Amino acid sequence: MGSKNKLKRFQENETFPNVIQPSREEVVGGFPLKGKWDTHFKNNNPIVLELGCGKGEYTVGLAKRFPNKNFIGIDIKGARFWKGAKIAMEENLPNVTFVRTQIELVDYIFGEQEVSEIWITFPDPQIKYKRTKHRMTNQEFLKRYRQVLKPDGTVNLKTDSEFMHGYTLGLLHGLGLEVIYANHDVYTNEGSPQEVLEIQTFYENQYLEKGKPITFIRFKVN
Ligand SMILES: C[S@@+](CC[C@H](N)C(=O)[O-])C[C@H]1O[C@@H](n2cnc3c(N)ncnc32)[C@H](O)[C@@H]1O
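For clarity, every value in this text was computed on a predicted model and none was experimentally measured. (Residues numbered from 1 in each chain as written. Predicted model: local features only at pLDDT ≥ 70, side-chain atom pairs only at ≥ 80, totals over all residues. Heavy atoms only, no water.)

Visitor: Can you break down the pattern of salt bridges residue by residue, with the values?
Guide: Here the structure, examined in full by the defined rule, presents ten salt bridges. Glu 178 serves as the salt-bridge partner of Lys 220, at 4.0 Å between the closest nitrogen and oxygen. In this pair, Lys 220 is assigned in the segment after β8 (215–219) and Glu 178 in the loop between α8 (162–175) and β7 (179–183), connecting sequence segments 42 residues apart. The exposure class assigned to Lys 220 is partly exposed, which follows from its relative accessible area of 21%. Through salt bridges with shared partners, a single network forms among Lys 8, Glu 12 and Lys 86. (Salt bridge = Lys/Arg side-chain N within 4 Å of Asp/Glu carboxyl O. Helix = DSSP H or I, 4+ residues; strand = E, 2+ residues; numbered from the N terminus. Buried < 20%, exposed > 50% of the residue type's maximum accessible area, 1.4 Å probe, protein only.)

Set out below in structure tokens:
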């Protein structure tokens, strides 16, 4: 994407009522919506996050399927989720919001047990040992997810990365955390939830074109 186009999207994001772009200081210095997201959505419906949402295919796709839940897509790249925000506005989806921030700050943005469900869609697997701290299912991230999730809350990981799939399963096993469902090739082996099969993301489509199997895990962190 050219820089002109990015700038245009940044400017448009500023005008979108379903986009929040706080500074880091605003987030760590006491984020006003923390613990009060019901005031933003004007209802008490369950809150579902998509972390590293890119263009926000899951945020928008799930929001259409589950109108009685609220969906929040988080990504540091606003020019990407501009797409999802625009679709949500055009299709009048009041249960969609995007926040431009770092996933590492998730526990500054949501109060304890404020979130019902988390989706992590095609994260960069960060395979190199030195990159472990950026891997989105490492123990530090799991701690942050535990902090914001309800006790029975679930995390959903959809990825093309066999490494990420195996790493996460191993870690969950070692920590004694419950794996509700796991499938190492969702389009070949039956049994995955409908939304896993029906919603496809931008990155996913690139992997599908290369014939890569897509994996899925639904797990608990409590
Ligand atoms: C590989 S892309 C996947 C995007 C999308 N989920 C999809 O499947 O098409 C990973 C996304 O995570 C975002 N991301 C990576 N690390 C992040 C972080 N620490 N905080 C916020 N966003 C992050 C990137 O900007 C990128 O959009």
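Don't stop here, the text continues.
Visitor: How would you summarise the UniProt feature "binding site: substrate" (unreviewed entry) in the protein if you had to cite specific residues and measurements?
Guide: When the UniProt feature table is mapped onto this chain numbering, "binding site: substrate" (unreviewed entry) sits at Lys 128, Asp 160, Thr 201, Phe 202, Tyr 203 and Glu 204. In sequence the annotated residues extend across 77 residues, and in space they extend as well, their farthest C-alpha pair lying 24.5 Å apart. Among the residues just listed, Asp 160, Thr 201, Phe 202 and Tyr 203 line the largest pocket. The residue Phe 202 is located in helix α10 (residues 202–209) in this model. Other than its neighbours up to four places away in sequence, Phe 202 contacts Lys 55 and Glu 57. Structurally, Tyr 203 is set in helix α10. (UniProt positions renumbered as here; feature names shortened; annotations may be inferred. 1 Å grid on protein atoms, 1.4 Å probe; cavity = no way out; pocket = protein on both sides within 12 Å on 5 of 7 lines; lining within 4 Å. Contact = heavy atoms within 4.5 Å.)

Visitor: Outline the sheet that holds strand β3 (residues 70–75), listing residues and values.
Guide: The eight strands are arranged β1-β4-β3-β2-β5-β6-β8-β7 in an open sheet whose pairing can be described as mixed. Whereas interior strands pair on both sides, the edge strands pair on one side only; in this sheet they are β1 (19–20) and β7. Bridging between strand β2 (residues 47–51) and strand β5 (residues 115–121) involves four bridges; their strand directions are parallel. Following the sheet pairing, Leu 49 is matched in β5 by Ile 118. (Pairing = 2+ DSSP bridges.)

Visitor: Go over the layout of surface pockets with me, naming the residues and quoting the values.
Guide: Here the largest pocket is characterised by a volume of approximately 730 Å³. For the largest pocket, the lining is made up of 29 residues, of which Gly 52, Asp 75, Arg 80, Pro 123 and Asp 124 are closest to its centre. A per-element tally of the lining of the largest pocket places α10 first, with three residues. Residue composition of the lining of the largest pocket, grouped by class: twelve nonpolar, nine polar and eight charged. Each of two domains, domain 1 (1–102) and domain 2 (112–222), supplies a minimum of three residues to the lining of the largest pocket. As a volume, the second largest pocket reaches approximately 160 Å³. Along its surface, the second largest pocket is lined by Lys 55, Gly 56, Glu 57, Val 60, Gly 61, Lys 64, Lys 83, Gly 84, Ile 87 and Ile 199. Partitioned by chemical class, the residues of the lining of the second largest pocket number three nonpolar, three polar and four charged. (Points joined across faces, edges and corners; volume = space filled by probe spheres on them. Nonpolar A, V, L, I, M, F, W, Y, C, P; charged D, E, K, R; others polar. Domains from an automatic or database assignment.)

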